[in-house]
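A closer look at the structure
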Amino acid sequence: MPKQFKTYTRFEGGLNTKTNARSIQENELAQANNVIVDEFGTIKSCGKAADNDTNYTDPNVTAMQPGYGLFQSTFDYASGGGNTSTVRTFLANADDGSANVVIHVLDATTWDTDDISLGAVTDTGNASTDQGRVIYHIADGNVRVCDTNITNVSTAIKKYGYVERAGGWSGNNPGGSVYSAGWESSDVLLSKPTAGIVGIDLRNTDVNDGASSTTLLVSNDAGTNAFENAQLNSQLDDGEHFAIASNNTYDAITSASADDRLITASGGADWSTAGVAFSIFPPAGKGWNLDVTITGSSGTWTAGTYEFASTFIYDGNQESLPFEMGGEVVVAANDKLTCTVMATEALSGAKFDGRITGGRLYSRLTRSDDEWVLLGDMDISKGTRASLESTYSSWNLTTTITSFVYSSFISDSQNLDTYQSLNGYDQDSGFISLGLAGEKYQTSVVSNRRTFIANIRYTDSKGTLANKGDSIRYSEVNRFDTFPEFNFIDIGVNDGESFVKLETFADRLFAYKEKTLYVINIGSGSDTQWFLESEHRNMGVEFHAATVKTDFGIAWVNKNGLYFYDGSQIRNLQTKILESEWSSFVNSDTMIGYEPTNKHLVVIRDADDESSDNGDAYIYSFITNSFTFVEDLVANSNKTNPITDAYNKLTMGTGTAEIVSYDGEPDSGTTFDLILKDDDFGMPNTVKKIYGVTVEYSSSAASSNGVKYIYTNSSGVKLDAYVNLGSLSDTGNSGEYDPPLMYVDKFNLSTPISVSSFQVKLDLGGSSVHKVNNVAVEYRPIYKRVT
């Protein structure tokens, strides 16, 4: 019988440890360490995550929580305000050394170290317990940042975004450039106003100049002025409102001493000056004051005594809950109201939150449970109006003191709009947003113009922080921080599990608990049409970084497998790794990332550095649908969550001073360790004589180890160690494979051996990048039975 060649030229089957090495397919590998098979007909050295000084400047943080803290997105504005597309990278300093959680932001080559402060950690003496565990989501170019560590009751959820609302107040700029365009960090809590009073004599009211006092302001309208109203009086006693004199002076009001008398601080206004009138303005940035002038028989108002409420509008479309203002107004039948809204801005550094774009005023009969009816609408840039369809009346300066502005509108009749009809939720809701100290969620995602959050810690009706591990809450459409009480999904209540991660793809919300995956169809525009599509036991995840979104689906990893959803079905990609090997590799902090250029899924053993092999990884190629194993893909260190960055790399922070990236391309420095099938050449129990091995390859350096083999002899006994055949030569190729410089080395056995089966191992040195096109074994069947 003539000699024959068995050529192994297809390696795309990848690693298969679940099947005996004798029974694997010819394109599969019994061992595949530090190699990649993402090309058909080729196997090559793997790459490693390396310090990326090209796209990133090394950060300098003092603490990093494994598996948390890294985020990146592209924005329309750079840090300096230029309207140019800019990649910004966010890295959490889990404890900045002064017990605060802060976010460093990289724009181009500079890290800003004070952009976002989440607040203080709770010092229990255990850094790993205390440090911030930061996650992010983004909507409309604004990043929301949450420290998920429930131990830290003093950290708050923050929003970070570019504020374009330069100037404001209809061209009047109180205190200078109050709203200069730029990046701002703010609370996500939709706080309502905390101050604001209503009266018929709050503006341009004459002073009783017989008072002869610089601190005692006496109104000439004692018979009609409403200082005696309990809530109004209480606010005036707080010492935060201001009395503005018509002669361009002002003083803080310290208290209301009588129905017609206000005590003011000294040093500004002189209330004994003849001809002086006064106006009462609210505390800077805390709310609105409303002066009402009544005109009889010119409107259609219903007679009654009315109380009032005010709100803030955030981001142009998110309204706070109502704040009940101090004071009340008596209206006769068919009256009309001239309403003057007063605001104080940029006074001694105090101003409205940058997110506040305006507010609304409401009215109802005093001490009733009626709905709050819209009275007027305020926009900081445009002015005020009586309804949402009216024309704005601009803001004006009340004096030459630029911090005090006012705008007036006329209300001929009561509106049909109410707080509930405008917002879709009740005016007496316990809460509509999160953001109080200690309130948190463990996972978040944005889909279909809504924010979804899960495993929530929030302040309940009793004022205590309550954990809702089984709850998913979702925002109103286009109002990404507004979470009405009724917008929730409770799944698997009291099942002993809590939500770990939310992901979305193809109108499905994937809600992962530790053991169970719930797939919720959220394709309908109406939340009443959403439904639980499927429930999958043993497909949950233990760690929030154990899922990743790819170009064409969601992937996630647990001890039972590596799963992928492509928009139509869930598949377990892990069909070839021995179950015991896989389950021992996957831990409670195993992470997964995606490298898009070469279509690699990367499963990293540990986020932390508790073991020497924590940076080992399985790599799955979507091109060949195969696995290989990489030792120390990431150096031994704590690692942030991996991201797919703007440069098409899988990137993460390591330690406290490096950003590393994996690009999927071959690198030198790692041993190329490959074992082929234990081959009986299709003739089991038949003796074959082996003459040699041929390898077609390229390499940038000679290999000190090279080609090895092991075999089962003609008596059916397998050797207990590999035999070295020889070393591969240096092909002169420096790792450039376009076009590849290929070389063929043949290794002849000095004495042919008789075998039942034969297995080749390529154990190539780590100082080179290797690429192997095929391996051939020269043999001759001798048709002798194995004994």
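Look up: the structure comes first, before these words.
Quick look at the structure, then. Just so it is clear, the model here is predicted, and its values are computed rather than measured.

Cut-off values and rules
Residues numbered from 1 in each chain as written. Predicted model: local features only at pLDDT ≥ 70, side-chain atom pairs only at ≥ 80, totals over all residues. Heavy atoms only, no water. Helix = DSSP H or I, 4+ residues; strand = E, 2+ residues; numbered from the N terminus. Buried < 20%, exposed > 50% of the residue type's maximum accessible area, 1.4 Å probe, protein only. Contact = heavy atoms within 4.5 Å. Areas by Shrake-Rupley, 256 points an atom, 1.4 Å probe, with all protein chains shown as cover. Lys, Arg positive; Asp, Glu negative; His and termini not counted. Charge placed at Lys NZ, Arg CZ, Asp CG, Glu CD. 1 Å grid on protein atoms, 1.4 Å probe; cavity = no way out; pocket = protein on both sides within 12 Å on 5 of 7 lines; lining within 4 Å. Points joined across faces, edges and corners; volume = space filled by probe spheres on them. Nonpolar A, V, L, I, M, F, W, Y, C, P; charged D, E, K, R; others polar. Pairing = 2+ DSSP bridges. Axes fitted to C-alpha atoms, helices over the stretch in contact; angles between N-to-C directions. Salt bridge = Lys/Arg side-chain N within 4 Å of Asp/Glu carboxyl O. Core = buried A, V, L, I, M, F, W, Y, C linked by side-chain atoms within 4.5 Å. Patch = residues over 30% accessible without salt bridge, like charges linked within 9 Å, V, L, I, M, F, W, Y side chains within 5 Å.

Focus: the overall build of the protein
The helix and strand inventory of the protein stands at four helices and 57 strands. In terms of overall dimensions, the protein has a C-alpha envelope of 125 × 50 × 45 Å along the principal axes. Looking at the protein residue by residue over its 787 residues, the buried ones come to 58%. Partitioning the intrachain contacts of the protein with sequence separation of at least 6 by distance along the chain shows that 65% fall at a separation of at least 24. For the protein, the computed accessible surface area is about 29,300 Å², with 44% contributed by carbon and sulfur atoms. Side-chain charges in the protein split into 57 positive and 100 negative, and the spacing between the mean points of these groups amounts to 12 Å.

Here's the deal with empty space enclosed by the protein
Taken as a whole and judged by the stated rule, the model has three cavities of 30 Å³ or more. Estimated volume of the largest cavity: approximately 70 Å³. Looking at the largest cavity, the residues that line it are His137, Arg144, Ile157, Val188, Leu434, Tyr441, Phe480, Asp481 and Phe483. Here the lining of the largest cavity is built from residues that sort into six nonpolar, one polar and two charged. The volume enclosed by the second largest cavity comes to roughly 50 Å³. Along the lines of polarity and charge, the residues of the lining of the second largest cavity split into four nonpolar, four polar and two charged.

A closer look at the sheet that holds strand 36 (residues 488-490)
Spatially, 33-34-35-36 is the arrangement adopted by the four strands of the open sheet, whose pairing is antiparallel. Sheet topology places strand 33 (440-447) and strand 36 at the edges, where each strand pairs with a single neighbour. Sheet twist, expressed as the mean angle between neighbouring strand axes with direction ignored, is 35 degrees.

Concerning the pattern of salt bridges
With the rule as written, the count across this model stands at 36 salt bridges. One salt bridge connects Asp38 with Lys44, and the closest N-O pair in it is separated by 3.3 Å. Lys44 matches Asp38 in its accessibility class, with the two residues each being buried. Glu533 is the partner of Arg508 in a salt bridge, and the nearest nitrogen-oxygen pair spans 3.2 Å. Here the residue Arg508 occupies a position in strand 38 (residues 508-513), and Glu533 occupies one in strand 40 (residues 531-537), the gap between them amounting to 25 residues. The class of Glu533 is partly exposed, set by a relative accessible area of 33%.

As for the layout of surface pockets
Size it by volume and the largest pocket reaches roughly 950 Å³. Along the walls of the largest pocket sit 34 residues, with Phe71, Tyr136, Lys501, Glu503 and Ile643 positioned nearest its centre. Every element with two or more residues in the lining of the largest pocket is listed here: strand 8 (70-75), strand 12 (134-139), strand 33, strand 37 (499-505), strand 41 (547-550), strand 45 (591-595) and strand 49 (643-644). Looking at the second largest pocket, its volume works out to about 590 Å³. Breaking the lining of the second largest pocket down by element, the ones donating at least two residues are strand 8, strand 13 (142-147), strand 14 (158-163) and strand 15 (182-187). At four residues, the largest contribution of residues to the lining of the second largest pocket is made by strand 14.

Examining the nonpolar core
The biggest cluster of nonpolar side chains holds 82 residues, and the ones touching the most others in it are Trp556, Leu562, Leu601, Val695, Phe758 and Leu762. Looking at which element gives the most residues to this core, the answer is strand 56 (residues 743-764), with eight residues. Here Phe758 is in contact with Lys677, Asp678, Asp679, Phe681, Ile690, Val693, Tyr709, Ile710, Tyr711, Ile753 and Val777, once residues within four sequence places are set aside. Core analysis: the second largest hydrophobic core is formed by 37 residues, Leu190, Tyr314, Leu337 and Ile380 among them.

Describing the environment of Phe499
With respect to the element layout, Phe499 can be found in strand 37. On the basis of relative accessible area, Phe499 is assigned to the buried category, the value being 1%. In this structure, the C-alpha to C-alpha distance between Phe499 and Asn614, residues 115 residues apart in sequence, is 25 Å.

Topic: unusual backbone geometry
Within the chain, Asn448 stands out as a residue other than glycine whose phi angle is a positive 50 degrees. Examined against the element boundaries, Asn448 turns out to sit in the loop between strand 33 and strand 34 (450-459). Even without a glycine there, the phi angle at Phe681 is positive, about 60 degrees.

With respect to a negative patch on the surface
A surface patch of negative charge is lined by Asp369, Asp370, Glu371, Asp426, Asp428 and Glu485. Relative to the assigned elements, Glu371 resides in the loop between strand 28 (356-365) and strand 29 (373-379).

A look at the sheet that holds strand 37
Taken together, four strands build an open sheet; the order of strands is 37-38-39-40 and the sheet is antiparallel. Looking at strand neighbours, the two that pair on one side only are strand 37 and strand 40, the edges of this open sheet. Between one strand axis and the next, the sheet turns through 20 degrees on average, direction left out of account. Sheet analysis places strand 39 (residues 516-521) next to strand 40, joined by six bridges and oriented antiparallel. Considered in strand 40, the bridge of Leu517 is made with His536.

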